[in-house]
Amino acid sequence: MSAVTPARKTSAEPEPPATDNGRPPAASALRALVLRLHFYAGLLIAPFLLVAALTGALYAASYQIERVVYSDQLTVPAKDTAVPVGEQVDAALAAHPDGTLSAVRPAPAKGETTRVLLDDPSVPEGRKLAVFVDPHTAEVKGALASYGGSGALPFRAWVSGLHANLNLGETGRLYSELAASWMWVVVLGGLVLWFGRRRAQRKLRGTKGRRRTLSLHGTVGVWAALGLLILSATGLTWSTYAGENIGELRAKVGGSTPTISAAPGGGHEGHGSGGGHAGHGDGHGDEAGSEHPDIGIDHVLSIARDDQKLDGPLEITPPVVGEDGTPGAYVVKQIDRQVPHRLDQIAVDASSGEVTDRLDFADHPVLAKLTSIGISAHDGRLFGLANQIVLLALALSVVALIVWGYRMWWQRRPDRDGRLSFGRPYPRGALRNLPVTWWLPLAGVTALVGWFVPLLGLSLLAFLAVDVVLGLVARSRAEA
């Protein structure tokens, strides 16, 4: 952006044709504005996008790496027999007596371990201690810190933090929000420029030099555009400032994600009973003669699987005890975020086994569904391995686009007898050439988007201020 050498006319980038009043047509002026914005945004935001792409590529591979690194904790020899889940929980608590039960993820298949999640002082705040138990023998196979609803283990949690905030906490999140805020602008600007070019100018075969670089840059950008727009949109939902505005907007239009009720003594009519399981104590419940009997995890799991037909991987959260000592409800939820989504939930009364509430993913508002599906696609769980391969390809595409973008900037440098120089910026004056009927709506939309996506608005104002200063400096030098 420090280069202020006036740009020369070339056959590859002609000036817009002038009208009778000396101004270019509105469409040409708008294209010149998009070209200048795309150039500066690509030049200055590219380092943030590059970091996001590289860390995103590592995250896409982290699922497979996690399975290899933690194979001793995640897998066991498969057998046809299994001990009750309640006994597996008891084994985990016996191995870690300082922990309190937070949730249980029963082994989803033979040969995989049960994951017992504990609130334990040995792990950092905001994380759980995941104790891995052999479901066939109740032998504890190890324990690792677990983070978030995805159950990320230490390696994937570290990579996730690196991608989200460079492992610098809330301050580091500014980098990823800045990248997500500008990615969609750069992508849409690139599409406008690419499809605004004549078909003959887009071809790759037979071209060389800067035109070949431009063809490579544009072709890959077009193919990657949809995926990059989805990543930008879903990334903003996780961001600090734009994410808060998105959450408020969803709430106002009725698109918030609903929650299930598990309050002590709560219950909703018309949700059916526990199907004969009520009142039976088992492996992890209280004695039947106690004041508040607990039917136990195994009966709750049976209700969820047999009566309520919750299949696939499940997570069971124990009941919260009310102030009067009355237990609330167990919450059993599906945690399979692959297509088709299995994210239904039920609440089961701890004393009676009655299903007091049920929340199916099919009943979520449309915006809540789209948000959930988009986030699953962003973090590589929506289509499993295929999703992770696509994310890796998109990340490599961003790296290639950035490299080609900087190369085009280098190829635009003026010829100064072999001396080192920077590429020329695109000419100023595009805003002045826009008719008022275009300029005012454009300014209004820009202000609205800048308010809704604050880091985009603030950084755009900074760009404009620097550009104005550089323009004044160049003008004073020219007059001198």
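The structure displayed is predicted, hence computed values, not measured ones.

Contact geometry of helix H7 (residues 209-238) with helix H10 (residues 366-378) gives a least axis separation of 9 Å together with a crossing angle of 105°. By the angle between their axes, H7 is roughly perpendicular relative to H10. Taken together, the residues of H10 that come into contact with H7 (itself represented by Leu231, Thr234, Gly235, Thr237 and Trp238) are Gly374, Ile375 and His378. Residue classes in the contact of H7 with H10 are distributed as three nonpolar, five polar and no charged.

With their axes 4 Å apart at the nearest point, helix H13 (residues 436-452) and helix H14 (residues 454-479) run at an angle of 125° to one another. Taken together, the axes of H13 and H14 are oblique relative to one another. Judged by residue contacts, Thr446, Val449, Gly450, Trp451 and Phe452 of H13 engage Pro454, Leu456, Gly457 and Leu460 from H14. Looking at side-chain class alone, the contact of H13 with H14 contains six nonpolar, three polar and no charged residues.

Right, let's get into the nonpolar core. Judged by nonpolar contacts, the single largest core of 36 residues is most densely connected at Ile45, Leu49, Trp182, Val187, Leu228, Leu236 and Val398. If you list the elements that add at least two residues to this core, you get helix H1 (26-69), helix H5 (173-196), H7, helix H8 (241-252), helix H11 (385-411) and H14. Ranked by the residues each element gives to this core, the list is headed by H5, at 10 residues. Contact partners of Val187, with chain neighbours within four places excluded, come to Ala225, Leu228 and Leu229.

A word on the side chain of His364. When you line up the elements, His364 lands in the loop between strand S8 (355-359) and H10. Note on His364: relative accessible area 10%, which makes it buried. When residues no more than four places from it in sequence are discounted, the contact partners of His364 are Thr257, Pro258, Leu359 and Lys369.

Conventions we followed
- Residues numbered from 1 in each chain as written.
- Predicted model: local features only at pLDDT ≥ 70, side-chain atom pairs only at ≥ 80, totals over all residues.
- Heavy atoms only, no water.
- Axes fitted to C-alpha atoms, helices over the stretch in contact; angles between N-to-C directions.
- Helix = DSSP H or I, 4+ residues; strand = E, 2+ residues; numbered from the N terminus.
- Parallel < 35°, antiparallel > 145°, perpendicular 65-115°, else oblique.
- Contact = heavy atoms within 4.5 Å.
- Nonpolar A, V, L, I, M, F, W, Y, C, P; charged D, E, K, R; others polar.
- Core = buried A, V, L, I, M, F, W, Y, C linked by side-chain atoms within 4.5 Å.
- Buried < 20%, exposed > 50% of the residue type's maximum accessible area, 1.4 Å probe, protein only.

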